[in-house]
Amino acid sequence: MENEKLIELYKTMQTIRSVERKIEEEYKNDEMKTPIHLSIGQEAIAAGVCIHLRNEDYLFGTHRSHAQYIAKGGDIRKMIAELYLRKTGCTSGRGGSMHLMAPDRGIFGSTAIVGGSLPLGTGTALASKIQKNDRVTAVFFGDGAADEGTFHESLNFASLKKLPVIYVCENNFYAINSHQKERQSGDNIYKIAQGYGIPSYQIDGNDVLKVYEYAEKAVEQCRRGEGPVLLECVSYRWKGHIGTVDDLGVGFRPQEEYDYWISKCPIKWYKEYLKSRNILNDALEKSIHKEIDKLVKDAFEFAINSPKPQPEELLDFVYAD
Amino acid sequence: MPWTTIEVEKQDKFVIMDDSQNGRMLSYKDALYEAMDQSLERDPRVFVMGEGVDDPGGVFGTTKGLHEKYGRERIFDTPIAENALTGIAAGAAMAGLRPVFVHSRMDFLLLSFDQLVNHAAKWSYMTGGKVSVPMVVRTVSARGWGSGAQHSQCLQGMLMNVPGLKIAAPATPYDAKGLLISSIIDNNPVLFVEHRWLYKTVGNVPDTLYSIPFGKGVVRRAGKDVTIVAVSYMLVEALKAAEKLQAQNISAEVIDLRTIKPIDEDIILESLAKTGKLIITDTGWKTGGVAAEIAALVAEKAVHMLKKPVVRVCCPDIPTPAGDLQEKAFYPDFETICTKAVELMK
């Protein structure tokens, strides 16, 4: 891989982390009046997959979709404005934090219903096949979505019709606070997909190079018309299911488990990797951070200074013209 | 499924004269087929999916042979996965296609509520108007011949409660064709409610492509004594009732709403201003249904016009029985409407 790409992955992960940290910091001021679901700790998955997607390729996300939105090139100013529920937000203040989208970037939406995006992304992939274009769809979902019927129904259909869709499972083990072991009879989501005849892999979702490598092959396979691929990317969310809490203690999740995953920080490891190969040096790192800081500052300023949708606009958008 | 055919074949060939000046007569079923055929011909974005759409029967003939004409990429059979398929249709619609997803029984629609209600119907709003979902869900409600509780339901009333969805319920062949074309060209998710007992109904149907606007009802029979607002198949019963009432010197005005979301309020209120008496008849249940909604509308906007309390002629609030004697008692018909109208005139 060229150095340029390696640095791009780093930038994307750092941007996601910085945006999320800033959201976390500002959330206490109660101006973002919408639930937030942070993906701190899971940055490598969105970065490693989306780097292979073209602008016109489709992406569908979940309630936890900040990382995917950023990695696919969504406008961060519009994203933050949406978290502040402003008229300038990516859904004009109608969707809130769980419905980020940017159709001009192929981001057709994210859903607050677990497993809800799986059929939708399978549908855009069906459209690609009918329209005979080479657009690929990436559908992000959590391990909890594998509990849902839509997961099984969608995978069966995509396999049957050989649709160009990459199912990206961000397995962080928890659906709110229920561990995968309490919800699923197995612990290998990728094996379920293999049962539907879909090439599927379980990979370290904290290793951005691994995600990059498998996603590259998956995208190529989809573009060649060979049908769907599933990537089960094992990772961990540092924050709790919702808000800025960390869900540690009183039985939510064990401290040792949390500490282990913090030690496996996808960015820390990758930064050391780049530095050890002289791809990243202090000067470059500094300039990247300066750029990101400016981006984040601009986005929050834009959001805070934007107008809110007014009550008289309540009925807008219920129906398309 | 012979029973479906048997029960429909037993129905009279009911003829409804329509707005059209065209002399060609077509059945409701063939009008639906023609709307599908012409829409597929006209617009390459249209495709049809659903269980059995390409089988020899072709959903009671409404999609028969279309796969031979347009190919299996555009007309295809599906797994039995109503929920995901609804979302798959919605996703395809977001990507610029115009899917028509067919359920041969309306009961199966219940499996798809997550994708229909949470996703397809909400997407335009949640995206601030950036992504629309131009899809049609065709559902066929049935009755008779022991269909029982899970093969006979008319759930349109339940779905009126969903913002972002449009609902068409055509009763005549002319409307079946025109409204299906309107539904396909509409940029929103549309629930298209058909009724199996209407399939043999005959009426004027032009061979051209034409559309009918949503939210515009029509007076099927003018009258001055009592207003009967009829939905879907109940139009047939209402027209039969009006004919019978005429012999008793009761002049009934019969209104066909054509679409129930949006609903043509004006046509109801204008008629009520004349008659002061209202019977609402729907194929579904009474509580919380289409008739309940219309009654509420009248209570809100026109209670002063009512000379008598509103009457609802709907199915009683019980699951559909399979036994033939009970089934006959379960469904209201023109006799029920006549009895209610006579009572109203007292």
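Thresholds, definitions, all that
Residues numbered from 1 in each chain as written. Chains lettered and ligands numbered in written order. Predicted model: local features only at pLDDT ≥ 70, side-chain atom pairs only at ≥ 80, totals over all residues. Heavy atoms only, no water. Helix = DSSP H or I, 4+ residues; strand = E, 2+ residues; numbered from the N terminus. Rg over C-alpha atoms; globule rule 2.2 N^0.38 Å. Buried < 20%, exposed > 50% of the residue type's maximum accessible area, 1.4 Å probe, protein only. Areas by Shrake-Rupley, 256 points an atom, 1.4 Å probe, with all protein chains shown as cover. Lys, Arg positive; Asp, Glu negative; His and termini not counted. Charge placed at Lys NZ, Arg CZ, Asp CG, Glu CD. UniProt positions renumbered as here; feature names shortened; annotations may be inferred. Contact = heavy atoms within 4.5 Å. Expected span 1.5 Å × (residues − 1). Buried area = accessible area lost by both parts, 1.4 Å probe. Salt bridge = Lys/Arg side-chain N within 4 Å of Asp/Glu carboxyl O. Polar contact = N/O pair within 3.5 Å; in protein donor to acceptor, adjacent residues only side chain to side chain. Nonpolar A, V, L, I, M, F, W, Y, C, P; charged D, E, K, R; others polar. Axes fitted to C-alpha atoms, helices over the stretch in contact; angles between N-to-C directions. Pairing = 2+ DSSP bridges. Right-handed = clockwise from strand over helix to strand, strands pointing away. 1 Å grid on protein atoms, 1.4 Å probe; cavity = no way out; pocket = protein on both sides within 12 Å on 5 of 7 lines; lining within 4 Å. Points joined across faces, edges and corners; volume = space filled by probe spheres on them. Phe/Tyr/Trp six-rings, centres within 6.5 Å; stacked < 30°, edge-to-face > 60°.

As for the overall build of chain A
Move 1: A tally of helices and strands in chain A yields 12 helices and eight strands.
Move 2: In terms of overall size, chain A behaves like a compact globule, its C-alpha atoms giving a radius of gyration of 19 Å where 321 residues would be expected to give roughly 20 Å.
Move 3: Principal axes of the C-alpha set define a box for chain A whose edges measure 55 × 50 × 45 Å.
Move 4: Burial statistics for chain A: of 321 residues in total, 57% are counted as buried.
Move 5: Surface exposure of chain A reaches about 13,100 Å², of which carbon and sulfur atoms provide 50%.
Move 6: If you average the places of the 41 positive and of the 46 negative side-chain charges in chain A, the two averages end up 3 Å apart.

Description of the UniProt feature "domain: Dehydrogenase E1 component" (unreviewed entry) in chain A
Move 1: Following the UniProt record, one finds the feature "domain: Dehydrogenase E1 component" (unreviewed entry) at residues 12-312 of chain A.
Move 2: For residues 12-312 of chain A, helix accounts for 45% and strand for 12%, while the C-alpha atoms at its two ends are 39 Å apart.

What to know about the side chain of A:Thr15
Residue and element names in this part refer to chain A.
Move 1: With respect to the element layout, Thr-15 can be found in helix 1 (residues 3-27).
Move 2: On the basis of relative accessibility, which here comes to 10%, the residue Thr-15 falls in the buried class.
Move 3: When residues no more than four places from it in sequence are discounted, the contact partners of Thr-15 are Ile-70, Ile-76, Ile-292 and Leu-295.

Description of helix 5 (residues 117-131) of chain A
Move 1: The end-to-end C-alpha distance of helix 5 of chain A, which contains 15 residues, comes to 21 Å, matching closely the 21 Å that a straight helix rising 1.5 Å per residue would cover.
Move 2: With 13 of 15 residues buried, helix 5 of chain A is to be regarded as a mostly interior element.

Some thoughts on the interface of chain A and chain B
Move 1: Counting from both sides, the interface comprises 42 residues of chain A and, opposite them, 41 residues of chain B.
Move 2: Taken together, the two surfaces of chain A and chain B that pack against each other cover about 3,200 Å², and 66% of this comes from carbon and sulfur.
Move 3: For the chain A face of the interface with chain B, the top three residues by lost area are A:Leu120, A:Ile130 and A:Tyr319, together amounting to 18%.
Move 4: Taken together, the links from chain A to chain B amount to one salt bridge.
Move 5: Two residues, B:Glu73 and A:Lys132, come together in a salt bridge whose shortest N-O distance is 3.0 Å.
Move 6: In this assembly, chain A and chain B are joined by 15 residue pairs in polar contact (both at pLDDT 80 or more).
Move 7: Elements that contribute at least two residues to the side of chain A that touches chain B include exactly strand 1 (58-61), strand 2 (107-110), helix 5 and helix 6 (149-161) of chain A.
Move 8: If you tally residues by element for the side of chain A that touches chain B, the top one is helix 5 of chain A, at 10 residues.
Move 9: Of the residues contributing to the side of chain A that touches chain B, the split by class is 19 nonpolar, 16 polar and seven charged.

What to know about the packing of helix 4 (residues 82-94) of chain B against helix 5 (residues 113-120) of chain B
Residue and element names in this part refer to chain B.
Move 1: Two elements in contact, helix 4 and helix 5, have axes whose closest approach is 7 Å; the angle formed by their N-to-C orientations is 35°. Residues Asn-83, Thr-86, Gly-87 and Ala-90 of helix 4 lie in contact with helix 5, whose contacting residues are Phe-113, Asp-114, Gln-115, Leu-116 and Ala-120.
Move 2: Across the contact of helix 4 with helix 5, the residue classes break down as four nonpolar, four polar and one charged.

Concerning the pairing of strand 8 (residues 190-195) of chain B
Residues and elements named next belong to chain B.
Move 1: Burial analysis of strand 8 places six of its six residues in the buried class, which makes it a mostly covered element.
Move 2: The two faces of strand 8 match: Val-190, Phe-192 and Glu-194 on one face and Leu-191, Val-193 and His-195 on the other face are all buried.
Move 3: Relative to strand 8, strand 6 (residues 136-141) is paired through six bridges, and the arrangement is parallel. By the bridge assignment, Val-137 is partnered in strand 8 with Leu-191.
Move 4: Where strand 7 (residues 166-168) meets strand 8, three bridges bridge the pair, whose relative direction is parallel. Looking across to strand 8, one finds that Ala-168 is bridged to Phe-192.
Move 5: After leaving strand 7, the chain enters helix 8 (residues 173-185) and then returns to the sheet as strand 8, a path that is right-handed.

A closer look at the environment of B:Leu297
Residue and element names in this part refer to chain B.
Move 1: Looking at the element boundaries, Leu-297 is found in helix 11 (residues 290-301).
Move 2: On the basis of relative accessibility, which here comes to 6%, the residue Leu-297 falls in the buried class.
Move 3: A sequence separation of 165 residues divides Leu-297 from Ser-132, and the C-alpha atoms of the two residues are 29 Å apart.
Move 4: Ignoring sequence-local partners within four residues, the contact set of Leu-297 consists of Glu-265, Ile-268 and Ala-302.

Brief notes about the pattern of salt bridges
Residue and element names in this part refer to chain A.
Move 1: For the coordinates displayed, the defined rule picks out 36 salt bridges over all chains.
Move 2: A salt bridge links Arg-183 to Asp-143, with the shortest nitrogen-to-oxygen separation between them at 2.5 Å. Separated by 40 residues along the polypeptide, Arg-183 in helix 7 (residues 180-183) and Asp-143 in the loop between strand 3 (137-142) and helix 6 bring together distant segments of the chain.
Move 3: For the salt bridge of Lys-264 with Asp-204, the shortest nitrogen-to-oxygen distance reads 3.2 Å. You can see Lys-264 sitting in the loop between helix 10 (255-263) and helix 11 (266-276) and its partner Asp-204 sitting in strand 7 (residues 200-204), a full 60 residues away along the chain.
Move 4: Because the salt bridges share partners, they merge into one network encompassing Lys-271, Lys-275, Asp-282 and Glu-285.

Side note on the sheet that holds strand 1 of chain A
All names here are of chain A.
Move 1: Taken together, six strands build an open sheet; the order of strands is 2-1-3-4-8-7 and the sheet is parallel. Both outer strands of the open sheet, strand 2 and strand 7, are each paired with one neighbouring strand and no more. The average angle at which neighbouring strand axes cross in this sheet is 15°, direction not considered.
Move 2: With six bridges connecting them, strand 3 and strand 4 (residues 165-171) associate as parallel partners. Paired with Gly-142 across the bridge in strand 4 is Glu-170.

Concerning empty space enclosed by the protein
Residues and elements named next belong to chain B.
Move 1: The tally for this structure, following the rule as stated, stands at six cavities of 30 Å³ or more.
Move 2: In this structure, the largest cavity occupies an estimated 90 Å³ of space.
Move 3: Put simply, the parts of the chain that give the lining of the largest cavity at least two residues each are helix 4 and strand 5 (98-103).
Move 4: Take the lining of the largest cavity: its biggest share by element is three residues, from strand 5.

Observations regarding the UniProt feature "domain: Transketolase-like pyrimidine-binding" (unreviewed entry) in chain B
Move 1: This chain's UniProt record puts "domain: Transketolase-like pyrimidine-binding" (unreviewed entry) on residues 26-201 of chain B.
Move 2: Annotation note: span residues 26-201 of chain B, helix share 35%, strand share 17%, distance between end C-alpha atoms 8 Å.

Here's the deal with the packing of aromatic side chains
Given two aromatic rings, one states the distance between the centres and the angle between the planes to describe the pair.
All names here are of chain A.
Move 1: Per the stated rule, a full pass over the model turns up 19 aromatic pairs over all chains.
Move 2: For the ring pair Trp-269 and Tyr-273, a centre distance of 5.7 Å and an interplane angle of 25° mean the geometry is stacked. Of this pair, Trp-269 and Tyr-273 both sit in helix 11, four residues apart, which is roughly one turn of that helix.
Move 3: By relative accessible area, which is 36% here, Trp-269 ends up partly exposed.
Move 4: With a centroid separation of 6.1 Å and 10° between ring planes, the pair formed by Tyr-270 and Tyr-273 is classed as stacked.

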